[in-house]
Amino acid sequence: MKKDRIKEILDSESPRPSVLAKGWVRTRRDAKGFSFVEINDGSCPRNLQVLVDEGVVPAELLGQLDTGAAIEVQGELVASPGGGQKWELKATNVRLLGPADPAAYPLQKKRHSDEFLRDIAHLRPRTNKYGAMFRIRSESSFAVHRFLRERGFYYVHTPIITGSDCEGAGALFRVTTLPPTGPEEIKEGENFFSEDFFGREAGLTVSGQLEAELLALALGRVYTFGPTFRAENSNTPRHAAEFWMIEPEMAFADLEDNMDLAEDLIKAMTSHVIEHCPADVELFARFVDKDLRPALDNLIQSEFARLPYREAIEILKKSGREFEYPVAFGADLQTEHERCLCEDVFKKPVIVHDYPKAIKPFYMRLNDDGQTVAAMDVLVPRVGELVGGSQREERLEVLESRMDETGLKKEAYWWYLDIRRFGTAPHAGFGLGFERFLMMVTGVTNIRDVIPFPRTPRHLEF
Ligand code: 4AD
Ligand code: MG
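Residues numbered from 1 in each chain as written. Chains lettered and ligands numbered in written order. Predicted model: local features only at pLDDT ≥ 70, side-chain atom pairs only at ≥ 80, totals over all residues. Heavy atoms only, no water.

J.: Please provide a residue-by-residue account of the site of ligand 1, values included.
T.: In the region of ligand 1, 25 residues are neighbours, and Glu 167, Gln 209, Arg 230, Glu 247 and Glu 385 sit closest. In the environment of ligand 1, a nitrogen atom lies 3.0 Å from a nitrogen or oxygen atom belonging to the backbone of Ala 240. Separating an oxygen atom of ligand 1 from a backbone N or O atom of Gly 388 is a distance of 3.4 Å. A total of 630 Å² of accessible area belongs to ligand 1 in isolation, and the protein chains cover 94% of it. Elements with a minimum of two residues in the shell around ligand 1: β10 (242-251), β14 (384-391) and β15 (427-433). Here the shell around ligand 1 gets 5 residues from one element, more than from any other, and that element is β14. (Near = heavy atom within 4 Å. Polar contact = N/O pair within 3.5 Å; in protein donor to acceptor, adjacent residues only side chain to side chain. Areas by Shrake-Rupley, 256 points an atom, 1.4 Å probe, with all protein chains shown as cover. Helix = DSSP H or I, 4+ residues; strand = E, 2+ residues; numbered from the N terminus.)

See below:
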C-alpha cells in the first residue's frame, strides 16, 4: 500500500524523499518568497502543512489554492522547522483538481454555528467538528460489531419494509406504490390496500425486534444494527424520523442478563471510542463540552444504578424539584425526570426496570404482580433514555391476552405467536439508539448534528 493518506504521512517515522498527498485546502498563508498551504483529507483531524516555494507553481495556480479547493501535491517530506508539527511537505509539484471559488464557498476560516452548518450538510463533513463526528460514528459502529461478536452474537438482517408495527405506537411511515390519489377503483369487499404492491398495508420498520426474536429462538444470540423509522411528529433535539438502532436479542436470558449486557455494551463502545479516536474525542472535550472526559471516565468506571420504576417515582417525588410534567405512578418518565435521576440523584447512568404495563408495549413479560412488566430503560446523563428493552413474554396465553388488552389483531402476528407454540423459551433483548449514544459520547446536544443527513419533520434536504 502506498501510505499516502495524511494520517499516515504525519505518522511517518523518518523523512521521505517522495510523497504524493491529496486533500482539500483548509487555509493558505502567503509570505515573501513562499506560501504555506494546510490540507486535510479526512483521514484524521490534523492537517498536512505544505510549503510551496516561490516559482514551484505559476502565480496564477497558487492564487487558486483557496480554502475548499481539492489539490494534489508531490513533494519531499521534511522535518518542519516551525513549531506545531513534526513534518511538512516541501512541494515540487502541485495540481489543482477542483477549485472552490472563495466568493461562493460557504466554509471560511471562522467558527460557524451548528444551525448554519445544518443547512450546508453537504459540506459540513469538511469541518473539524463534523469530520471528528463522522469518524467517531464509524468507529462506534465497529465497536458494536466487535463487542457483540466477541460475546457470541450473530449479526442478522431484519426487514426494512414491514407489515407490523412493533412498538404499537402507530408511528409507521407508509410504503406504497398506489397513485397519490389512491387506487383507481376499490372493488366491493376489498380494502384500500388490496391494489397496493403487497396487497396490504406496508410501512417502514420502527424496530427489528419481532423478527430478531424469531432468529434468537434459533441461533441463540443475535443482533440487528440498522436504520429504523418513526413518524412521530416530535420536534425534539433527541428524536429523528430516521435513526439507527442496535438490537441484541438473547434466548435463555432474563431481565438481569439484559441489564448486564446493556451496561457492558455501553461501556465497551465508550472505551473503544476513547481508545481509537483520542484526537476526535479531545476536540469535543475542548470545544463542545468541557466536562466530557470526566463524564465518560465516570461512565466507564461506575456501576450503573438499578432500581424499580416504583422507587424512581418515589425518589422523584421527594426530590423537591418542580417538573413540567407531574410525577405519578403510572405516568411515563419524561426526559426531565430521567435527567434528574442521572444528573442530580445518582450522578451516573441509571437503569429503571419493572414499569407499569400500561405504558409499555404488548411484548414485555408480565410480572407476577400482574401490574408491571419486566422492562428496562437505561438512562444516561444529559441524554436521558439511551436504551429500551425487556424480557419478552414467552407464555402463549399471557401474550394473547396482552394483545387482546392492547387491541392488536392476533391474526397479523400469527408467526410471532407460533414461536411461543413451538419450543418457546425465556428470552430478552433491547434497543440502543445509536444517535443517542453519539450524543452521549461527544457531548453534542442535538441529534441533527450526529447523523450526516438528519431526517426530522419538514426536513428532507440532501
Ligand atoms: O425504546 P424503544 O422505542 O424500543 C424499541 O423499539 C424496542 N423494540 C427495542 C428492543 O427491545 N429491541 O427504542 C429504543 C431506543 C431508545 O431508547 C432510544 O435510544 C432510541 O431507540 N430511539 C430514538 N432515537 C432517535 N430518534 C427517535 N425518534 C428514537 N426513538 C427511539
Ligand atoms: Mg423507549
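J.: Describe the sheet that holds strand β5 (residues 87-98), and please don't skip the residues or the numbers.
T.: Spatially, the 5 strands close up into a barrel ordered β1-β2-β3-β5-β4, and their pairing is mixed. Put simply, the sheet's adjacent strands are angled 55° from each other on average, direction ignored. Here strand β4 (residues 70-79) runs beside β5; their pairing, made up of 10 bridges, is antiparallel. Within β5, the residue paired with Glu 72 across the bridge is Arg 95. (Pairing = 2+ DSSP bridges. Axes fitted to C-alpha atoms, helices over the stretch in contact; angles between N-to-C directions.)

J.: Run through the packing of helix α4 (residues 128-150) against helix α7 (residues 278-287), naming residues and quoting values.
T.: Between α4 and α7, the least distance of the axes is 9 Å, while the angle of their chain directions is 130°. Classified by the angle between their axes, α4 and α7 sit oblique to one another. Crossing of α4 over α7 shows left-handed handedness. Residues Asn 128, Lys 129, Ala 132, Met 133, Arg 135 and Ile 136 of α4 pack against Asp 280, Val 281, Leu 283 and Phe 284 of α7. Classifying every residue of the contact of α4 with α7 gives 6 nonpolar, 1 polar and 3 charged. (Parallel < 35°, antiparallel > 145°, perpendicular 65-115°, else oblique. Left-handed = near helix turned anticlockwise from the far one by under 90°. Contact = heavy atoms within 4.5 Å. Nonpolar A, V, L, I, M, F, W, Y, C, P; charged D, E, K, R; others polar.)

J.: Describe the pairing of β14, and please don't skip the residues or the numbers.
T.: Most of β14 sits inside the fold, with 6 of its 8 residues counted as buried. Summarising the sheet, strand β13 (residues 372-380) and β14 pair through 6 bridges and their orientation is antiparallel. Its bridge partner being in β14, Ala 375 is matched across the sheet by Ser 390. Between β13 and the antiparallel strand that follows it, β14, lie 3 residues; Arg 382 among them carries a positive phi value of about 75°. Pairing geometry for β14 and β15, over 5 bridges, is antiparallel. Paired with Gln 391 across the bridge in β15 is Ala 428. (Buried < 20%, exposed > 50% of the residue type's maximum accessible area, 1.4 Å probe, protein only.)

J.: So what about the packing of aromatic side chains? Which residues, and what values?
T.: Tallied over the full model, the rule gives 15 aromatic pairs. Seen in terms of ring centroids, Phe 225 and Trp 244 are 6.1 Å apart; in terms of plane orientation they differ by 85°. Their pairing is edge-to-face. With Phe 225 in strand β9 (residues 221-229) and Trp 244 in strand β10, this pair connects stretches of sequence that are 19 residues apart. With relative accessibility at 8%, the residue Phe 225 sits in the buried group. Each ring, one from Phe 362 and one from Tyr 363, has its centre 5.6 Å from the other, and the planes form 75°; the classification is edge-to-face. Each member of the pair Phe 362 and Tyr 363 is classed as buried. In this structure an aromatic cluster arises from ring pairing among Phe 362, Tyr 363, Tyr 413, Trp 415 and Tyr 416. Just above the ring of Tyr 355 sits the side chain of Lys 360; from NZ or CZ to the centre is 4.2 Å. Over the aromatic face of Tyr 416 sits the side chain of Arg 420, whose NZ or CZ is 4.0 Å from the ring centroid. (Phe/Tyr/Trp six-rings, centres within 6.5 Å; stacked < 30°, edge-to-face > 60°. Lys NZ or Arg CZ within 6 Å of the ring centre and 35° of its normal.)

J.: With reference to specific residues and values, describe unusual backbone geometry.
T.: Across the chain, the bulk of peptide bonds are trans and the bulk of non-glycine residues have phi less than zero. A positive phi angle, near 55°, is found at Lys 347, a position not held by glycine. The phi dihedral of Arg 382 falls on the positive side, at around 75°, and the residue is not glycine. Structurally, Arg 382 is set in the loop between β13 and β14.

J.: Mind laying out a nonpolar patch on the surface, listing which residues take part and the relevant values?
T.: Taken together, the side chains of Ile 160, Ile 161, Phe 197 and Phe 198 make up a nonpolar region of the molecular surface, amounting to roughly 390 Å² of accessible area. Inspection of the secondary structure assignment puts Ile 161 in strand β7 (residues 161-162). (Patch = residues over 30% accessible without salt bridge, like charges linked within 9 Å, V, L, I, M, F, W, Y side chains within 5 Å. Salt bridge = Lys/Arg side-chain N within 4 Å of Asp/Glu carboxyl O.)

J.: Let's hear about the pattern of salt bridges: which residues, and what values?
T.: Using the criterion set out here, one finds 31 salt bridges in the structure. A salt bridge links Lys 129 to Asp 114; the shortest N-O distance between them is 2.7 Å. In this pair, Lys 129 is assigned in helix α4 and Asp 114 in helix α3 (residues 114-119), connecting sequence segments 15 residues apart. By relative accessible area, which is 25% here, Asp 114 ends up partly exposed. Each member of the salt-bridge network shares a partner with another, and the members are Glu 213, Glu 249, Arg 392 and Arg 420.

J.: Help me get a handle on the sheet that holds β10, residues and values and all.
T.: Taking strand neighbours across the sheet as the criterion, the 8 strands line up as β6-β9-β10-β15-β14-β13-β12-β11 in an open arrangement whose pairing is mixed. Among the strands making up the open sheet, the edge pair consists of β6 (154-155) and β11 (305-308).

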